[in-house]
Structure formats: C-alpha cells, structure tokens
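Fold and contact review
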Protein chains: 2
Amino acid sequence: MELTEFDRATELQDAGAGRYVGAVHDGWDIGGNANGGYVLALAAQAMRRAAGRPDPITVTAHYLNPAPAGPAEVVTEVVKQGRRFATVTGSLRQGPRELVRVLGTFGDLAGSDDAVLADGGPPDLPPFEECPRRSNPAFPIALMHRLDVRLHPDDSAFGDDGPSGRALVRGWFGFADGRANDTLGLLLCADAFPPTVFNLGGVAGWVPTVELTVHVRAVPAPGPLRCRFGTRFIQGGFLEEDGEVWDTAGRLVALSRQLALLPRSAPAG
Amino acid sequence: MELTEFDRATELQDAGAGRYVGAVHDGWDIGGNANGGYVLALAAQAMRRAAGRPDPITVTAHYLNPAPAGPAEVVTEVVKQGRRFATVTGSLRQGPRELVRVLGTFGDLAGSDDAVLADGGPPDLPPFEECPRRSNPAFPIALMHRLDVRLHPDDSAFGDDGPSGRALVRGWFGFADGRANDTLGLLLCADAFPPTVFNLGGVAGWVPTVELTVHVRAVPAPGPLRCRFGTRFIQGGFLEEDGEVWDTAGRLVALSRQLALLPRSAPAG
C-alpha cells in the first residue's frame, strides 16, 4: 500500500530508548519554516507510539525554534502509563537544537459516546465544492499544496479586497491527496488556517505561536472538516486563537487554543 | 514581614540542580486531595524561579495522581532560555510518585499594553459584598477556608435548591486573608470554582481534571477577580471547562481551559 503524503511526512523509525528518528519533511512549510501543526503531529506520532495508545486526547506544544526541513528525531518520555491514559513528553530536535517541546495525554477514542451536551454547532459554510481552494499566487505557501483548505468567502478576502474586520476564519480542511482525516491529522488542522487577525487589517506575515493546545474529542467521520477559528482578545502583544473542528456527521472532533504574538509593527484593532 | 497563607503554601527551598523542595500544604484540598490550581501554582513557583522570569505566560498541567499533604519537591528543567521568554518543565513529586507534570513559558507582563481587541467583557455580577461567601456545612471544603470565593446567586444553588440547568459558574475570587492577587495566584483561581457541570444536575462529587492550561494575559489590579467558567461540550466522557478571569479595572487577566472527565455514573445532559 502506498503511503499518503502526510503518513510519509510523519514516518519515524523506532531507535530504542524512547527515540524516534525521521525528518521534518519539505513542503509542509510557510516560507521555509515547517507549520506548527505539522511539527506537533510529527512529535505526537512518536508520542502515541511511546504511549501505546492511538489517539492524542490533549496535547500542548511550546514552540522554541523555527523548523527547517531536514533530519530530526523525537525523544519521548512516558511520564505515566495508566489504566485508561498515558501521559508522555516529546522533544522534536535537529541535532542539539530543540524545535518544539510537547506534553500530551493519549488514549483510545474509538467507539466513544455521542454528545450529551453541545452548546453550539458547526460553522455555517457554503458547500465544499463552492468554496475556492486556498492559494495565492503572490504569496505561495508550500503547505497549501499538501492540503485542500477552502475558506468561507466572507473570511478569505484579506489578501485581495480587504479584511472582513472580524478576527474570524472559517473553512473546510482536507488533504490534497485525499488522505482520510484522523486524530493525528487533527493536530495539523488546528494550525492550518491563516491567522484570524489577518481579517482585522494591518497584520500580515508571520504571527508566531508560543503555545498550541489541542483537545481531540472524537475520531472524525470521513469527509472534509468544518473549522472555525476566532480571536477575542488582543492585549499586551499577545492574542489567543480558539478553534473548533467538526466532522461531516456534525460532531465536534477537536477544540484548539493557541497563544500567539502579535507582530510588533501591527496596529491591529 | 509575615507571609500570607498562599505564599507560605508555595514556599520552596532551592536545592540546586533545578530541584526545589517544599510541601503540599494541608488545607488547600477538597477531601484530602490538594486542589489542581494549587498544585499547579506550587509547580509554577519553582518553574518561574528556574526561568528567572516572574510571570507564567502559558502553563499546562497534566494531572497524574492525587496530591495528599506532605513533603514534596519540584524538579525543573529549563528547556529554552530566550531573549523574551523562558520555557521550563516542572515535575511535582512526593518521593518516587509524580503528582503533576507541567510545561510552561514564562516572561514579564509588567507594564504590558492595554487591550487593542476585547470581544466580550467581565461577567455581570452582583457586588462582592452581596454575593454569599462559598461554604456548605454539609460538605466542608478545606480550600474554601483559604479563599474568599463568592458565587453569583443564579449559579450557586446546585447544593440546595437545585441546579440552574446551565453549565455555567460565575463569581468573585479572593484570598481569605486578604492577600493581593498576582499572576501566580491566577493559576489557583483557574481551578477554584465548583465544576460547571454541577449546574446541569445529576453530577456531584469529583470531576477529575486531565489537563489544565492557563494563559495569563495581564498582572491583576488590586481587588477581587470576576470569573466566568462555562462548558459547551460534553461528549465521550470528556468535557472542557473554559474560564475567563477579569480584574477590578475591567481587564482580562487570564483565560483558562481544562479537559476533565465526566463521572461515569453521571447522566448529565
């Protein structure tokens, strides 16, 4: 069976003693710096193997250094192996340089119960086919060749006609090669959309993530994911970005939150 | 100068090599198990000293074992010492038993800029003096003798007249001995209110936290804090609890989110 692009890009060899060897693959970057969701997924791939449990339940990444393509390893430590969960740390490194430190708890979400409370539902989006695929010839983003991210037309004009004025980005997420979504892919999804603050105007370019936490709440059903990312508070040079990810069955599959830095030049608001 | 109760309860001796020695103090517990916000603050006390920076900017705790009172140490590792932030891990232990593992990034929030975007404000609460102090003679909670937590009357009746039907808890937070709020105390505040799901009915007793993340967004102004905790999704036996903490100046000082387990016996919803 041929591996999908994402499976190849997160392939790791078990080198023993909790070390998993592979690479930060080319083509998952924005301007040469691998996407934060991709490097989180790469670390979590090692961590779930160390845990012996398939699903990231809650994972938190702190970003330390930009991640160029090249050989890399993930050093894991099983903090606690419990009856139902395992808690594991992961350190993604290139030589002596640490790129990201991750702390996560892993388990098995297969067959988990349906919602007993859902205050809110998936974002209202035009059908997948009617949303234009994300691309911008003036600012090519390598990552967007691997993914099939389609933005809500109301939230997608920041590069062209102007920002919407709301710190909100909604859209569909899938893989360009048709790979099925799964709980590892949700970690990539959580950081695959343009920064919400692009829609406030005055902010473009890199909005560095300090920390990203993803709660995986269910195994996604087949089909593209409906996503909503919003920012409520920009203060002291920091902003949070809250994400909700829903599957085609109308089920919440992930909640995410990141703390990011507002570019200092940006007069947003 | 006499130390306040919270300062005494988070006092640690630097034992060298990143180790800080102290104790899980008595009286910060619920039924003999120290509160999750308190043990996070205890770990963060060591981590901020290891970081050489006063304020937790974003900290994530994974809870591993219940925390009885007794001698304890925090083993820290500085993952990265940067120009503006330091990223540190902390492991709170009692002998060979690890209670909580924490990953955090620390910095200095003094003099940080005001909000440039605030979509939402503090919860509407009756004045501090008009909200009854939290206590329940039938179920005494040691922690509530250390704190001065006052619930919104609409959200506080779960123990008596019945739950509100909304997974929402709002109220004021202060220390019983009048200690000023600060960025370390915000970590305690983030887990000091009764579980939101008590207000759905059918749930009482312990709602175990798997993971708690707190973003500290500003240094609080003097006076009690206005807090709002809400849950939107209960699914697969998990629930998230999102918190907002505001100071008397009307400024957001913390956002929190925890992933918790719904007690299996609970027919909530």
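Here the structure is a predicted model, which is why all the values come from computation and not from measurement.

Moving on, we come to the relation of the copies chain A and chain B. Turning chain A through 180° and shifting it by 0.0 Å along the axis lays it on chain B, with an RMSD of 0.0 Å. Considering both components of the superposition, the chain copies are consistent with a two-fold axis. Comparing interface residues between copies, 100% of those in chain A also sit at the interface in chain B, which points to an isologous, same-surface contact.

Here we come to helix H2 (residues 36–51) of chain B. Residue and element names in this part refer to chain B. Its 16 residues place the ends of H2 22 Å apart at the C-alpha level, agreeing with the 22 Å of an ideal helix rising 1.5 Å per residue. Counted residue by residue, H2 has 13 buried out of 16 residues, so it is predominantly covered. In this structure Asn 35 caps H2, since a side-chain oxygen of it lies 2.8 Å from the backbone nitrogen of Gly 37. Backbone geometry just downstream of H2 places Gly 52 in the positive-phi region, at approximately 70°.

This brings us to the packing of aromatic side chains. All told, the structure shown has 16 aromatic pairs over all chains when counted by the stated rule. Here the aromatic rings of Phe 238 of chain A and Phe 85 of chain B are separated by 5.9 Å at their centres, their planes lie at 50°, and the arrangement is tilted. Here Phe 85 of chain B lies in the loop between strand E6 (70–81) and strand E7 (86–94) and Phe 238 of chain A lies in strand E15 (residues 238–246), a pairing that spans two chains. Ring geometry for Phe 6 of chain B against Phe 175 of chain B: centres 5.1 Å apart, planes inclined by 35°, an arrangement best described as tilted. Of the two residues, Phe 6 of chain B sits in helix H1 (residues 5–9) while Phe 175 of chain B sits in strand E11 (residues 168–175), which places them 169 residues apart along the sequence. Following the ring pairs from residue to residue traces out a cluster consisting of Phe 6, Trp 28, Tyr 38, Phe 173 and Phe 175 of chain A. Here Arg 84 of chain B stacks its cationic end above the ring of Phe 238 of chain A, 5.8 Å away from the centre of that ring. Taking the ring centre of Phe 128 of chain B as reference, the NZ or CZ of Arg 150 of chain B above it sits at 4.1 Å.

This brings us to the pattern of salt bridges. Across all of its chains, the model carries 26 salt bridges over all chains by this definition. Asp 242 of chain B is the partner of Arg 257 of chain B in a salt bridge, and the nearest nitrogen-oxygen pair spans 2.7 Å. With Arg 257 of chain B in strand E16 (residues 252–261) and Asp 242 of chain B in strand E15 (residues 238–246), this residue pair connects regions lying 15 residues apart in the sequence. For the pair shown, Arg 257 of chain B and Asp 242 of chain B are each scored as buried. One network of salt bridges, with partners in common, ties together Asp 7, Arg 179 and Asp 182 of chain A.

The next thing to look at is the interface of chain A and chain B. Reports often express the size of an interface as the amount of accessible area lost when the parts come together. Each partner contributes to the interface: chain A provides 60 residues, whereas chain B provides 60 residues. The contact between chain A and chain B buries some 5300 Å² in all, and 57% of this surface belongs to carbon and sulfur atoms. Put simply, chain A and chain B have 6 salt bridges between them. Residues Arg 217 of chain B and Glu 240 of chain A are paired through a salt bridge, measuring 3.1 Å at the closest nitrogen-oxygen approach. In this assembly, chain A and chain B are joined by 33 residue pairs in polar contact (both at pLDDT 80 or more). Per element, the largest residue contribution to the side of chain A that touches chain B is 7 residues, and it comes from strand E16 (residues 252–261) of chain A. Across the side of chain A that touches chain B, the residue classes tally to 25 nonpolar, 18 polar and 17 charged.

What follows is about the pairing of strand E8 (residues 97–107) of chain A. Residues and elements named next belong to chain A. The element E8 is largely enclosed, with a buried count of 10 among its 11 residues. Pairing analysis gives 8 bridges linking strand E5 (residues 55–63) to E8, with the strands arranged antiparallel. From the neighbouring strand, Ala 61 faces E8, where its bridge partner is Val 102. As paired strands, strand E7 (residues 86–94) and E8 are joined by 9 bridges and run antiparallel to one another. Bridging across to E8, Ala 86 finds its partner in Phe 106. A loop of 2 residues connects E7 with E8, the two strands running antiparallel in sequence, and Gly 95 in this loop sits at a positive phi of about 60°.

Residue and element names in this part refer to chain B. The residue Arg 170 is located in strand E11 in this model. Among the polar contacts listed, one links the side chain of Arg 170 to the side chain of Asp 155, at a separation of 2.7 Å. Excluding anything up to four places from it in sequence, Arg 170 contacts Pro 123, Leu 125, Arg 150, Leu 151, His 152, Asp 154, Asp 155, Cys 227 and Arg 228.

Here we come to the pairing of E16 of chain A. Residue and element names in this part refer to chain A. Within E16, 10 of the 10 residues are buried, which leaves it mostly tucked inside the rest of the structure. Sheet topology places strand E12 (residues 209–216) next to E16; 7 bridges connect them, and they run antiparallel. Within E16, the position partnered with Leu 212 by the bridge is Gln 258. Alignment of E15 against E16, held across 9 bridges, turns out to be antiparallel. Looking across to E16, one finds that Leu 239 is bridged to Ala 260. Linkage of E15 to E16, two consecutive antiparallel strands, is achieved through a turn of 5 residues, within which Gly 250 is found at a positive phi near 80°.

With that settled, the discussion passes to unusual backbone geometry. All names here are of chain A. A positive phi angle, near 55°, is found at Ala 17, a position not held by glycine. As for its placement among the helices and strands, Ala 17 is situated in the loop between strand E1 (13–16) and strand E2 (19–24). Relative accessible area serves as the criterion here: at 80%, Ala 17 is assigned to the exposed category.

In a soluble, globular protein the nonpolar side chains are often hidden away together inside. Residues Tyr 38, Leu 147, Phe 173 and Phe 193 of chain A are the most contacted members of the largest nonpolar core, which totals 65 residues. Beyond its immediate sequence surroundings of up to four residues, Tyr 38 of chain A is in contact with Phe 6, Ala 9, Thr 10, Ala 23, Val 24, His 25, Trp 28 and Leu 188 of chain A. Ranked by size, the runner-up nonpolar core spans 64 residues in total, among them Phe 238 of chain A together with Trp 28, Ile 141 and Leu 212 of chain B.

Conventions used here
- Residues numbered from 1 in each chain as written.
- Chains lettered and ligands numbered in written order.
- Predicted model: local features only at pLDDT ≥ 70, side-chain atom pairs only at ≥ 80, totals over all residues.
- Heavy atoms only, no water.
- Least-squares fit on C-alpha atoms with pLDDT ≥ 70 in both.
- Contact = heavy atoms within 4.5 Å.
- Helix = DSSP H or I, 4+ residues; strand = E, 2+ residues; numbered from the N terminus.
- Expected span 1.5 Å × (residues − 1).
- Buried < 20%, exposed > 50% of the residue type's maximum accessible area, 1.4 Å probe, protein only.
- Polar contact = N/O pair within 3.5 Å; in protein donor to acceptor, adjacent residues only side chain to side chain.
- Phe/Tyr/Trp six-rings, centres within 6.5 Å; stacked < 30°, edge-to-face > 60°.
- Lys NZ or Arg CZ within 6 Å of the ring centre and 35° of its normal.
- Salt bridge = Lys/Arg side-chain N within 4 Å of Asp/Glu carboxyl O.
- Buried area = accessible area lost by both parts, 1.4 Å probe.
- Nonpolar A, V, L, I, M, F, W, Y, C, P; charged D, E, K, R; others polar.
- Pairing = 2+ DSSP bridges.
- Core = buried A, V, L, I, M, F, W, Y, C linked by side-chain atoms within 4.5 Å.

Geometric values such as these leave the question of function open.
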